[in-house]
Amino acid sequence: MNVFYEESGDFKVAAIMSETDATLQIEDARGKRSKIKAHDVRLRFDKIGLADFMAQAEAMAAELDLDFLWEVAGGEEFGFLDLAREYFSANPAPLEAAAMCIRLHGAPMYFYRKGRGRYKAAPEENLRAAKAGQEKKAREAALMAEWQAELAAGKLPEALRSQVRALLHRPDKNTIEWKAVAAAADAAQKSPLRLLAGVGAIPDVEAWLLDGFLSEYFPKGTGFPAIELPAPPADLLDAGVRAFSIDDAATTEIDDALSVTPLDGGLTRVGIHIAAPTLGVAAGSTMEQVVLARLSTVYFPGDKITMLPDAVVEAFTLAQGRDCPAVSLYVTVDADFQVIAAESRLDRVHIAANLRHHDLDPLFNDETVAQADGGPDYPWKQELLFLHRFAVALEIGRGKHDPNRVERPDYSFAIDRLDDGTKRVRITPRKRGSPMDKLVAELMILCNSTWGKQLADARIPAIYRAQSMGRVRMTTQPAPHVGLGVAQYAWASSPLRRAADFINQQQLLAMLSGEPPRYGARDPMLFAALRDFDQTYNAYAEFQGRLERYWCLRWFEQEGVREIGATVIKEDLVRFDGLPLVLRIAGLPELARGTPVKLQLISTDYLDLALECRLLEAGEPVAVVDEEEEIAEAAEEAEADVAEGLPDAAVPATDAAAGEPPAAAA
């Protein structure tokens, strides 16, 4: 005697060796023996060989019309033998009964399983919906096959064009569009990104990089909600000074200005005036929400995304010819350029001039300040020369003055849009540590460290930057910044561009007015703002670094560069000469740190922002500072850039691709 039984959802046949009321010992056609439970047996049969039974039963089952079976089944629960009797005969043959069981069991859309060998016909509306779903799956499968064939042929399917942005940056892996791309990529042994690039989905890598950034950090767009401008207090004290700012020509968010006022007894009062966009900003206001959502202005070659809308920037920027509300730090300086007193207050400052780098560079530079008379005459000459000498004294006081120090240059990127729609990049070196840079950087460091101390002394929480062992971190507690040589350092000099500075200015205004601060001790909202700012600011800096790397690679192509010099930083990591570019060069032999090399450019990978190069020659290593010392130095330089307000300012974070702090580029 043989049995037709169910095991793990499948039907099988075997010969009975022995049995009890509850179990059977069986042997299949291959001679394998096992034990099954009696309630899993659906039929007993003989006269038909085991090898033939299942094949014949499955062939017979395939011929059974499911729609007809569903119609005759009725609405009540039934056993498969009951339906077999109605369909075949009152006494169906074992093959017929097995065929019915197989057919019912394999059609869960038509028949719901209710128990061992028992079923119930699906309600009509359920069956209709299931059929529609099945038809949809069939159509989708056909579409996917068609799309995969087009992708394999190197063509972007028309239906996928509107989905390219999502497929590249934020794919929903449950959609048929993504499944088609993923399947085609697997078949081609490529990543989906490479596959899409190969069919023309990324015609402009710069736009792709920008779009990816915007998709992640500005998914709702870069526009602003309507913001009602807070009215500055009408009774602000007139500072009685004429201040000037120093910025790049493209700077619109002018955060800081300076003033110099001679006093009796050989003393001088230096004013550091910071724009005051926090005046009148209520807790939870739309403007504060925007600041805490944006967290920073985003800078990248050729453009920027401001933290605050243009109307707010225009209202509070320290523009020439205006009397502007400002949070001011006044320091009294003696004849030896030592600070003997400091005072902070909120006042109204007349901005007499917005000086620009390109105008000052030819007049106020290393050569002219070294001359006894300071070189040729120009506006604000005496104030600038005094502030430069004061800045040198401040640098000496921080223990950071080294007249023999060789500075790596900064670089500025300018993107020219040509009439034919193409773009050209200009990468211009700019000497770091110039008198103009030193002047602004030192005064901003003085301002930020002094205000950090005043907030700490007043026991008002703030956001600080601290550094030790080459690592820069953010904290709500004052701590030394070793790279800058100060006991504490609170960003507060760029409230138009950074949320940390905006928050610290809110705290400063509370200190100056004697009112409760916006953020109290151990305020979880302050910790959340610190965390969000730190993560977002670093992400913005990484994006800027990616775009700068892209334009460096484009520059090679644009200028027809085939060979270029570089210096080994470590292992296969090199810094290219004359560019803010650090890359890993695969296949580079082991060379000592500081080894100058000459590289031949073979190919450019714009998706990975990488170069394939061949080593042409290697020179003798030159002495370089220790790697950890160089990284700490880069952190210090970046902090100085931040204080200066250069667009590229960012504390170096380890670059994932290069393993090195991103090179600065204005």
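Refer to the structure printed above.
First things first, this report covers the structure right here in the doc.

About the criteria used
- Residues numbered from 1 in each chain as written.
- Predicted model: local features only at pLDDT ≥ 70, side-chain atom pairs only at ≥ 80, totals over all residues.
- Heavy atoms only, no water.
- Helix = DSSP H or I, 4+ residues; strand = E, 2+ residues; numbered from the N terminus.
- Rg over C-alpha atoms; globule rule 2.2 N^0.38 Å.
- Contact = heavy atoms within 4.5 Å.
- Lys, Arg positive; Asp, Glu negative; His and termini not counted.
- Charge placed at Lys NZ, Arg CZ, Asp CG, Glu CD.
- Core = buried A, V, L, I, M, F, W, Y, C linked by side-chain atoms within 4.5 Å.
- Buried < 20%, exposed > 50% of the residue type's maximum accessible area, 1.4 Å probe, protein only.
- Pairing = 2+ DSSP bridges.
- Axes fitted to C-alpha atoms, helices over the stretch in contact; angles between N-to-C directions.
- Parallel < 35°, antiparallel > 145°, perpendicular 65-115°, else oblique.
- Nonpolar A, V, L, I, M, F, W, Y, C, P; charged D, E, K, R; others polar.
- Arc of directions from axis to C-beta.

1. Quick notes on the overall build of the protein chain
So, point 1. Broken down by element type, the protein chain carries 18 helices and 24 strands.
So, point 2. The C-alpha radius of gyration computed for the protein chain amounts to 37 Å, which surpasses the reference 26 Å derived for 666 residues by more than 25%, pointing to a less compact arrangement than a globule.
So, point 3. With the C-alpha coordinates aligned to their principal axes, the bounding extent of the protein chain is approximately 125 × 65 × 55 Å.
So, point 4. Sequence-distant contacts, at least 24 apart, represent 64% of the contacts inside the protein chain between residues at least 6 apart.
So, point 5. Within the protein chain, the 102 negative side-chain charges are centred at a point lying 6 Å from the centre of the 72 positive side-chain charges.

2. Describing the nonpolar core
So, point 1. Formed by 61 residues in total, the largest nonpolar core has its most connected members in Phe556, Phe576 and Leu599.
So, point 2. Top element by residues in this core is helix α17 (residues 524–559). It accounts for eight residues.
So, point 3. Contacts of leucine 599, omitting those with residues within four sequence positions, involve Arg562, Glu563, Ile564, Ala566, Val574, Phe576, Ile585, Leu588, Cys613, Arg614, Leu615 and Leu616.

3. Some details on the sheet that holds strand β24 (residues 610–618)
Paired through their backbone hydrogen bonds, the strands of a sheet run either parallel or antiparallel.
So, point 1. What the five strands build is an open sheet, ordered β22-β21-β20-β23-β24; its pairing is antiparallel. At either end of the open sheet lies a strand with only one pairing partner, and these are β22 (582–584) and β24. The average angle at which neighbouring strand axes cross in this sheet is 45°, direction not considered.
So, point 2. As judged from the four bridges shared by strand β20 (residues 563–570) and strand β21 (residues 573–576), these two strands associate in the antiparallel manner. Each bridged residue has a counterpart across the sheet, and for alanine 566 the counterpart in β21 is phenylalanine 576.

4. Overview of the packing of helix α2 (residues 66–73) against helix α3 (residues 80–87)
A pair of packed helices can be characterised by two numbers: the angle between their axes and the separation between those axes.
So, point 1. Interaxial distance between α2 and α3 falls to 11 Å at its minimum, and their mutual angle equals 105°. Of the possible angle classes, the one that applies to α2 and α3 is roughly perpendicular. Contact with α2, carried on its side by Phe68, Leu69, Val72 and Ala73, involves Leu83, Glu86 and Tyr87 of α3 and no other residues of that element.
So, point 2. Split by residue class, the contact of α2 with α3 holds six nonpolar, no polar and one charged.

5. Digging into the pairing of strand β7 (residues 111–115)
So, point 1. Sheet topology places β7 next to strand β8 (residues 118–121); four bridges connect them, and they run antiparallel. Following the sheet pairing, tyrosine 112 is matched in β8 by lysine 120.
So, point 2. Between β7 and β8, which follow one another and run antiparallel, lie two residues, and glycine 117 among them has a positive phi close to 75°.

6. Digging into unusual backbone geometry
So, point 1. Unlike most non-glycine residues, serine 8 shows phi in positive territory, near 55°.
So, point 2. Tracing the chain through its elements places serine 8 in the loop between β1 (2–7) and β2 (10–19).
So, point 3. Its identity is not glycine, yet glutamate 571 carries a phi of approximately 50°, on the positive side.
So, point 4. Among the residues examined, glutamate 571 registers a relative accessible area of 58% and is labelled exposed.

7. Re the sheet that holds β8
So, point 1. One open sheet holds the three strands; their spatial order is β6-β8-β7, and the pairing between them is antiparallel. Of all the strands in the sheet, the pair left with one neighbour each is β6 (78–79) and β7.
So, point 2. Along the sheet, α2 makes contact with β6, β7 and β8, crossing β7 at roughly 55°.

8. Brief notes about helix α10 (residues 286–294)
So, point 1. Residues of α10 that are buried include every one of Met287, Glu288, Val290, Val291 and Arg294, and no others. Summarising the axial view, the buried residues of α10 lie within an arc of 160°, below the 170-degree limit, and thus occupy one face.
So, point 2. Those residues of α10 that are buried are in contact with β13 (303–305), α11 (310–316), α16 (499–513) and α17.
So, point 3. Count one or two residues on from α10 and you reach leucine 295, which has phi positive near 75°.

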